[in-house]
Amino acid sequence: HVHELADIRRLNERALKVELAVTAVSIHAYAHLAGSYALLSHGAAMGDRYGPRVVARAGAGGDPRAAVRGRRVAVPGPLTTAYLALRLYEPDFEPVMTPFDRIEDAVLAGEVDAGLLIHEGQLTYARRGLHLWVDLGEWWHGETGLPLPLGGNAIRRALGPELMVTVSRDLRASIAYGLAHRDDALRYALSFARGLDRSTTDEFVGMYVNQLTLDYGERGRRAVRALLERGAKAGLVPPGEVTFVDDGATQQPARC
């Protein structure tokens, strides 16, 4: 087995080609992958009242939705959940596809009017003098009362139910071990932290590695289905089925 590191845009693209047996994917991308992949019930990244943030060089002036409307906005990839959430929030803007780690620079250089930040940029933008227009996780919670499901782990259906369940069980055990040994896990994570200090890394990990990571739970499952249902209704993703692989059984698919 080979453990590969890649940004989420690249992983989404590889999953669309069905190149990987198990992979992290954006929940947005999963809408296009559901025929080939099921969602493992463990390892999700969810923002509970926080999430991707739209930032700019100046404030929004009191109406962030109007501020986004018609503007050039740097976004981290066409199948990222951040992009889907922003389209649901305000569909009328010009997306500029930009590597996630260049978005702040693009905003500061005036290449775009605003930027949609994921990963650690959600915590560091103010240090660079950027202003928050909208936190999409907070907006989503206000709309639905649910967390915003950003990414998850997908597994190829062709592996068969037995192996899918085995992988699910092993993944849950791995995450549970990491949560129980947080200091050791954080030290390991720092090796991939792109120069962040321990405090910022700790804060970011605390945002997205929690009990919802251990298992979606019923609330997390409802969040995934709500997001993809709204995306399908808006014509942004194809309607389809969401299947979660549990440790003992695979839940019945639900239409979205």
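For the structure itself, consult the block above.
Predicted model only: the values in this text are computed from it and were never measured.

## A few points about the overall build of the protein chain
No. 1: Within the protein chain, the regular secondary structure consists of twelve helices and twelve strands.
No. 2: Relative to the 2.2 N^0.38 estimate, which gives 18 Å for 256 residues, the radius of gyration of the protein chain is 18 Å and therefore close to what a compact globule would have.
No. 3: Each principal axis of the C-alpha atoms in the protein chain carries an extent, and together these give about 55 × 40 × 35 Å.
No. 4: Buried positions account for 48% of the 256 residues belonging to the protein chain.
No. 5: Pairs at least 24 apart in sequence give 71% of the contacts found in the protein chain among residues at least 6 apart.
No. 6: On the protein chain, roughly 11900 Å² of surface is accessible, and the fraction owed to carbon and sulfur atoms is 50%.
No. 7: Looking at charge distribution, the protein chain has the averaged site of its 30 positive side-chain charges lying 2 Å from that of its 31 negative ones.

## A closer look at the sheet that holds strand S4 (residues 53-56)
No. 1: Sheet architecture is open: five strands sit in the order S6-S5-S7-S4-S8, paired in mixed fashion. With partners counted over all chains shown, the strands left at the sheet margins are strand S6 (94-97) and strand S8 (131-135), one partner each. Sheet twist, expressed as the average angle between the axes of neighbouring strands with direction ignored, equals 30°.
No. 2: Of the strand pairs in this sheet, strand S5 (residues 72-75) and strand S7 (residues 114-117) are connected by two bridges, and their pairing is parallel. Opposite valine 73, over in S7, you have alanine 114 as the bridge partner.
No. 3: This element, helix H7 (residues 136-144), spans S7 and S8 of the sheet and lies at about 30° to S8.

## Re the environment of leucine 86
No. 1: Within the element layout of this structure, leucine 86 appears in helix H4 (residues 81-89).
No. 2: Residues leucine 86 and arginine 65, spaced 21 residues apart in sequence, show a C-alpha to C-alpha distance of 9.8 Å.
No. 3: Residues in contact with leucine 86, not counting those within four places in the same chain, are Val54, Val68, Val73, Val75, Pro91, Phe93, Leu116 and Leu136.

## Quick notes on the pattern of salt bridges
No. 1: Considering all chains together, one arrives at 13 salt bridges under this definition.
No. 2: The partner of arginine 221 in a salt bridge is aspartate 215, with the nearest N and O atoms 3.1 Å apart.
No. 3: Arginine 221 gets classed as buried once you look at its relative accessible area, which sits at 5%.
No. 4: For aspartate 215, a relative accessible area of 24% gives the class partly exposed.

## Focus on the pairing of S7
No. 1: Going residue by residue along S7, you find Ala114 and Leu116 tucked away on one face and Gly115 and Leu117 tucked away on the opposite face as well.
No. 2: In this sheet, S7 lies alongside S4 in antiparallel orientation, the contact comprising three bridges. In the strand pairing of S7, arginine 53 is matched with leucine 117.

## A short note on the pairing of strand S2 (residues 37-40)
No. 1: With three bridges joining them, S2 and strand S9 (residues 148-156) adopt antiparallel strand pairing. Residue alanine 38 lies in a different strand from S9, and its bridge partner there is isoleucine 155.
No. 2: Pairing of S2 with strand S11 (residues 244-245) involves two bridges; the strand directions are parallel. Within S11, the position partnered with leucine 40 by the bridge is valine 245.

## Examining helix H1 (residues 8-16)
No. 1: All of the buried residues along H1 are Ile8, Leu11, Asn12, Arg14 and Ala15. Seen end-on, H1 carries its buried residues on one side only, within an arc spanning 165°.
No. 2: Packing partners of the buried residues in H1 comprise strand S1 (22-26), helix H2 (27-30) and S2.
No. 3: For H1, the N-terminal capping position is held by aspartate 7, with its side-chain oxygen 3.0 Å away from the main-chain nitrogen of arginine 9.
No. 4: Directly beyond the C-terminal end of H1, a positive phi value near 55° is found at valine 18.

Conventions adopted
Residues numbered from 1 in each chain as written. Predicted model: local features only at pLDDT ≥ 70, side-chain atom pairs only at ≥ 80, totals over all residues. Heavy atoms only, no water. Helix = DSSP H or I, 4+ residues; strand = E, 2+ residues; numbered from the N terminus. Rg over C-alpha atoms; globule rule 2.2 N^0.38 Å. Buried < 20%, exposed > 50% of the residue type's maximum accessible area, 1.4 Å probe, protein only. Contact = heavy atoms within 4.5 Å. Areas by Shrake-Rupley, 256 points an atom, 1.4 Å probe, with all protein chains shown as cover. Lys, Arg positive; Asp, Glu negative; His and termini not counted. Charge placed at Lys NZ, Arg CZ, Asp CG, Glu CD. Pairing = 2+ DSSP bridges. Axes fitted to C-alpha atoms, helices over the stretch in contact; angles between N-to-C directions. Salt bridge = Lys/Arg side-chain N within 4 Å of Asp/Glu carboxyl O. Arc of directions from axis to C-beta. Polar contact = N/O pair within 3.5 Å; in protein donor to acceptor, adjacent residues only side chain to side chain.

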